[in-house]
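Observations on chain architecture
Listed below, chain by chain, are the residues.
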Number of protein chains: 4
Amino acid sequence: MDSFHKLADLFREFPGIGPRQAKRFVYFLLARDSTFLSELVRRIGTLQSDIAECGSCRRFFQKRGSPLCAACADPNRSDAELIVVAKDTDLDAIEKSGSFSGRYFVLGGTIPLLEKKSSQKIRSKELIQLTEKKAKAGTLHEIILALSANPDGEHTADELRKMLSPIAKQYSLTIATLGRGLSTGSELEYADSETIRSALRNRSK
Amino acid sequence: MDSFHKLADLFREFPGIGPRQAKRFVYFLLARDSTFLSELVRRIGTLQSDIAECGSCRRFFQKRGSPLCAACADPNRSDAELIVVAKDTDLDAIEKSGSFSGRYFVLGGTIPLLEKKSSQKIRSKELIQLTEKKAKAGTLHEIILALSANPDGEHTADELRKMLSPIAKQYSLTIATLGRGLSTGSELEYADSETIRSALRNRSK
Amino acid sequence: MDSFHKLADLFREFPGIGPRQAKRFVYFLLARDSTFLSELVRRIGTLQSDIAECGSCRRFFQKRGSPLCAACADPNRSDAELIVVAKDTDLDAIEKSGSFSGRYFVLGGTIPLLEKKSSQKIRSKELIQLTEKKAKAGTLHEIILALSANPDGEHTADELRKMLSPIAKQYSLTIATLGRGLSTGSELEYADSETIRSALRNRSK
Amino acid sequence: MDSFHKLADLFREFPGIGPRQAKRFVYFLLARDSTFLSELVRRIGTLQSDIAECGSCRRFFQKRGSPLCAACADPNRSDAELIVVAKDTDLDAIEKSGSFSGRYFVLGGTIPLLEKKSSQKIRSKELIQLTEKKAKAGTLHEIILALSANPDGEHTADELRKMLSPIAKQYSLTIATLGRGLSTGSELEYADSETIRSALRNRSK
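Anyway, here's the lowdown on the structure attached to this text.

1. So, unusual backbone geometry
Residues and elements named next belong to chain B. Residues other than glycine seldom take positive phi values, yet R58 does so here, at roughly 75 degrees. When you line up the elements, R58 lands in the loop between β1 (51-53) and β2 (60-62). R58 gets classed as buried once you count the C-beta atoms within 10 Å, which come to 20.

2. Digging into the nonpolar core
Within the largest apolar cluster, 63 residues are counted, with the highest numbers of intra-cluster contacts made by I83, V84, V85 and A146 of chain A. In this view, A146 of chain A contacts I83, V84, V85, D90, I94 and L178 of chain A together with L188 of chain B; residues no more than four positions away in its chain are not counted.

3. Topic: the relation of the copies chain D and chain C
For these two chains of identical sequence, chain D goes onto chain C by a turn of 180 degrees and a shift of 0.0 Å along the axis, with RMSD 0.0 Å. Classification of the inter-copy transformation places it as that of a two-fold axis. Across chain D, the rotation axis passes nearest the C-alpha of G181 of chain D, at a separation of 2.1 Å. When the interface residues of chain D are mapped onto chain C, 100% of them are again interface residues, pointing to one common binding face.

4. Overview of the sheet that holds strand β3 (residues 81-85) of chain C
Residue and element names in this part refer to chain C. Spatially, the four strands line up as an open sheet ordered β4-β3-β5-β6, and their pairing is parallel. Edge positions in the sheet fall to β4 (103-106) and β6 (174-177), since each of these pairs with one other strand and no more. Pairs of neighbouring strands in the sheet enclose a mean axial angle of 25 degrees, with direction left out of account. Across four bridges, the pairing between β3 and β4 is parallel. Note on β4: the bridge partner recorded for V84 is F105. Sheet strands in contact with helix α5 (residues 88-97) are β3 and β4, and its direction is about 135 degrees off that of β3.

5. A closer look at the relation of the copies chain C and chain B
Least-squares fitting of chain C to chain B yields an RMSD of 0.1 Å, with the superposition described by an axial translation of 0.0 Å and a rotation of 180 degrees. Looking at chain C, 100% of its interface residues are interface residues in chain B too, so the copies touch through the same face.

6. Considerations on the interface of chain C and chain B
Opposite the 34 residues of chain C that make contact, chain B presents 34 residues. Sorting the residues of the side of chain C that touches chain B by element identifies α1 (3-12), α2 (19-31), α3 (34-50), β2 (60-62) and α5 of chain C as the ones contributing at least two each. Grouping the constituent residues of the side of chain C that touches chain B by class yields 17 nonpolar, nine polar and eight charged.

7. Describing the interface of chain D and chain C
Taken together, the contacts link 46 residues of chain D with 46 residues of chain C. Every element with two or more residues in the side of chain D that touches chain C is listed here: α5 (88-97), β6 (174-177) and α8 (193-201) of chain D. Top element by residues in the side of chain D that touches chain C is α8 of chain D. It accounts for nine residues. Looking at the side of chain D that touches chain C, its residues break down into 16 nonpolar, 19 polar and eleven charged.

8. Some remarks on the environment of L145 of chain B
Residue and element names in this part refer to chain B. Topologically, L145 is positioned in strand β5 (residues 142-145). L145 gets classed as buried once you count the C-beta atoms within 10 Å, which come to 24. Separated by 39 residues in the primary sequence, L145 and V106 have C-alpha atoms spaced 11 Å apart. The contact partners of L145, leaving out residues within four places of it in the chain, are V84, A157, L160, R161, I175 and T177.

9. So, helix α3 (residues 34-50) of chain D
With 17 residues, α3 of chain D should cover 24 Å at 1.5 Å per step; its first-to-last C-alpha distance of 23 Å lies within 8% of that length. Along α3 of chain D, the residues classified as buried are L40, R43, I44 and L47 of chain D. The elements touched by buried residues of α3 of chain D are α1 (3-12), α2 (19-31) and α3 (34-50) of chain A together with β1 (51-53) of chain D.

10. With respect to the arrangement of the chains
Contact between chain A and chain C is absent, and the least distance between their C-alpha atoms amounts to 10 Å. Regarding chain B and chain D, the two do not touch, and the least distance separating their C-alpha atoms is 10 Å.

11. What to know about the sheet that holds strand β6 (residues 174-177) of chain B
Across a sheet, strands are paired by hydrogen bonds formed along the backbone, either parallel or antiparallel in direction. Residues and elements named next belong to chain B. With parallel pairing, four strands are arranged side by side in an open sheet as β4-β3-β5-β6. Two strands lie at the open edges of the sheet, namely β4 (103-106) and β6, each paired on one side alone. Taking each pair of neighbouring strands and ignoring which way they run, the sheet shows an average axis angle of 25 degrees. Each of β3 (81-85), β4 and β5 touches helix α6 (residues 124-136); the most contacted strand, β3, lies at about 175 degrees to it.

The rules behind each value
- Residues numbered from 1 in each chain as written.
- Chains lettered and ligands numbered in written order.
- Predicted model: local features only at pLDDT ≥ 70, side-chain atom pairs only at ≥ 80, totals over all residues.
- Helix = DSSP H or I, 4+ residues; strand = E, 2+ residues; numbered from the N terminus.
- Buried ≥ 20, exposed ≤ 12 C-beta atoms within 10 Å, placed from the backbone.
- Core = buried A, V, L, I, M, F, W, Y, C linked by C-beta atoms within 7 Å.
- Contact = placed C-beta atoms within 7 Å.
- Least-squares fit on C-alpha atoms with pLDDT ≥ 70 in both.
- Pairing = 2+ DSSP bridges.
- Axes fitted to C-alpha atoms, helices over the stretch in contact; angles between N-to-C directions.
- Nonpolar A, V, L, I, M, F, W, Y, C, P; charged D, E, K, R; others polar.
- Expected span 1.5 Å × (residues − 1).

Pasting the structure below:
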């Protein structure tokens, strides 16, 4: 197989990219000037040495001498709340909302509802260790399981709650999950019963 | 114009029906047996005499001697809470959720965000009258504005709150709106900042 | 069940209408004035007596004393070509294109590719009878099978060709199918091989 | 801005990639092992030196010592027909159909219907030169303008026909365009009048 198709095959492994778009990427690169290509090559080549996994929350961040990301290193953020998210982009969405100033932990995935062996790929051990360390330090009060409102997210929240409950009891920690209700744009007519029930329970007075 | 197109033109006025589907409806009726057509004619013909608007909540209901619908006539439902919805289908969705046993009021529409003259078509006067009557009776404690989480719904809730606030003050009524948060199926990554903020605020512990 | 839901159930039988839209139709009728409803009732009630099936091509048409539709009764249309379509709306599409001035026959359906017993519901017998009559009269030269370019359409064309071939041989009739090629809006890049092959074969010089 | 976002910005320039998917690509690369990344870097880095533009048809092809691509170098392909396509992927689609064994020319784009200055970016000069050379050699008989059946494609075909007509007259060349008709999957009911007209004209007997 030739250079064209070998590169197209690599692009096919990118998330959401089918064979047609993979080829289109190669044609796109063929049509670009060599400056773009060398910049792309340089950026991909140094990506993994430029970016590190935070030693505390496990998110990816730009290396700057510290083993900790900005949120974990920031002394002004509260240690009382720890938000657990499935992946980096979830953390980004929360940060963007500007509504949280505590600490984070990135699980690295969810526990699928329909799989036997759980806690294999996600960082549940690391979460327990971190929680225990923070609980012992006496600053942590609440763990917020910020998972998506879908089957895998809910299953993951259930499993994490079980795993964390001994520590939560021992150190009197609260374990919370995100509030359910009408999300922006939701029409009442099309809302499912669970959403309506939560929206009524969480009504703001 | 002939019978075919005249009937197709009537179907085009049905909600969500374009010219093509309107014609398809006519072909469908031509292919059905006369029993179906006479049943359809009979049902449409008696609809407005069979169905009445409830004298209290204004929803449509099957006439059965009483001027009130089942929910308004039911002595076991609480008079303490009144849910205000835009339309009948919103009320159906709440009833289906089984999470409310108070009373209802159907506005008959929303107040569009971008229109000048408000409260023209919707039953805001009737709502104020009903609220006042129920408040005077001393049983009503809370009005829940159950509008959709979109611009028109939010604008309507804002306007209703203004209209109702004098009565609410006078009779110490609470005015609430539906809780915001992740609705069923929402992925955290794609949630907007307002939804995340609400989901954090309404987190269940 | 009440009048509301009984009427909604009738609307659910309309092509392409689900439970939600069926209910919306009933709410729509409840909100309309009685003039609209009585007009609708009148139009549905007289539909089957106003519209007849053409004695020759079997399409539906407005009754006007003649047992034949306008296209079949028109002495200026050519008897040399007969287009066979699956349904009335296909005939409408061809008429709208203004590119045919011969005669039509409406099969009343297609022969599904994956069903055993063919020619059961469609009017294949009537087609054969009509073809034979027109062929004996000496005016018919070509039968154009105007079926959709999908599996059921192609299967129907194949089956009709088999059924009609004895008559076609006996009376030297041509049997044709619609030309394949790029349809309006088709992009070459996404065209399948069969379409490209036809587009090259049918290229206009 | 950091390495993460700089790389995401480069991916945003890829065809069809928005800001969210661009970020997802970077997270994907962070999660892959270094073997994948170095392979990707190597393939992108050598792409433009591995792939050349064919000296005759202008398509991209894997360099192998010859300035001509396989189709242009193949002595068994006919020189009598020349297909003109807008882009490489159109040529790929025709080759995949296995229905053409002549020569190709890649324009490198189309002439937009709504732009003033035409023939600026596409290789119209090169097409004219190539056509003249092949016409003088006496082997070329037909130019097939294989453009998409959309406004830009049709406009491009019209413009090319004008440009090529002097040479076509001088050397008695035929200029053809792709046949129109029902493309695979087309339903007659939804076909536009132009497609139906072409499908009737190009009917196969």
